[in-house]
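# Notes for the structure review
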Amino acid sequence: MESPVDELEKLFDQFKNSFPERRKQILSQIESKCIEIKGRSGDSYVSQKCTSLVVACKNLARLRQPKNYDESRDIVFALGDISIIKRNFNEPNF
């Protein structure tokens, strides 16, 4: 069984390679996966990075981008957030 972080990573890979219309659909899955990760981790830093990732994805999913918008910037930030989440995600043992 894959960890929720691995699933998040795969979702973001699909997301970044999609057109904005499809990104809107995948965004809800990313948001759900981040909620799951936040709940299972309990780590405030992981929670903060999940929130940051969702904000970057919302920016990337906009159908009408601002004139000076640099998509690659948000992709780089999102990839950094995923890397930090992956490195710091520890599920508590019950």
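All figures in this text were calculated on a predicted structure; none of them were measured in a lab. (Residues numbered from 1 in each chain as written. Predicted model: local features only at pLDDT ≥ 70, side-chain atom pairs only at ≥ 80, totals over all residues. Heavy atoms only, no water.)

Positionally, Lys 33 belongs in helix H2 (residues 20–41). If sequence neighbours within four positions are ignored, Lys 33 has contacts with Pro 4, Glu 7, Leu 8 and Leu 11. (Helix = DSSP H or I, 4+ residues; strand = E, 2+ residues; numbered from the N terminus. Contact = heavy atoms within 4.5 Å.)

Attention shifts here to helix H4 (residues 71–88). The end-to-end C-alpha distance of H4, which contains 18 residues, comes to 26 Å, matching closely the 26 Å that a straight helix rising 1.5 Å per residue would cover. Inspection of H4 places Asp 74, Ile 75, Ala 78, Asp 81, Ile 82, Ile 84 and Ile 85 among the buried residues, and these make up the whole buried set. Elements in contact with the buried residues of H4: helix H1 (4–16), H2 and helix H3 (44–61). (Expected span 1.5 Å × (residues − 1). Buried < 20%, exposed > 50% of the residue type's maximum accessible area, 1.4 Å probe, protein only.)

Another aspect to go through is the packing of H2 against H3. Relative to each other, H2 and H3 sit at 175°, their axes nearing to 9 Å. Classed by the angle they form, the pair H2 and H3 counts as roughly antiparallel. On the side of H2, the interface is formed by Pro 20, Arg 23, Lys 24, Leu 27, Ile 30, Glu 31, Cys 34, Ile 37, Lys 38 and Ser 41, while H3 contributes Val 46, Ser 47, Cys 50, Thr 51, Leu 53, Val 54, Cys 57, Lys 58, Leu 60 and Ala 61. Classifying every residue of the contact of H2 with H3 gives 12 nonpolar, 3 polar and 5 charged. (Axes fitted to C-alpha atoms, helices over the stretch in contact; angles between N-to-C directions. Parallel < 35°, antiparallel > 145°, perpendicular 65-115°, else oblique. Nonpolar A, V, L, I, M, F, W, Y, C, P; charged D, E, K, R; others polar.)

At a minimum axis distance of 12 Å, the contact between H1 and H3 shows a crossing angle of 20°. The angle between the axes of H1 and H3 places the two elements in the roughly parallel class. Taken as a pair, H1 and H3 cross one another with a handedness that is left-handed. Across the interface between the two elements, Leu 8, Phe 12 and Phe 15 from H1 touch Leu 53, Cys 57, Leu 60 and Ala 61 from H3. (Left-handed = near helix turned anticlockwise from the far one by under 90°.)

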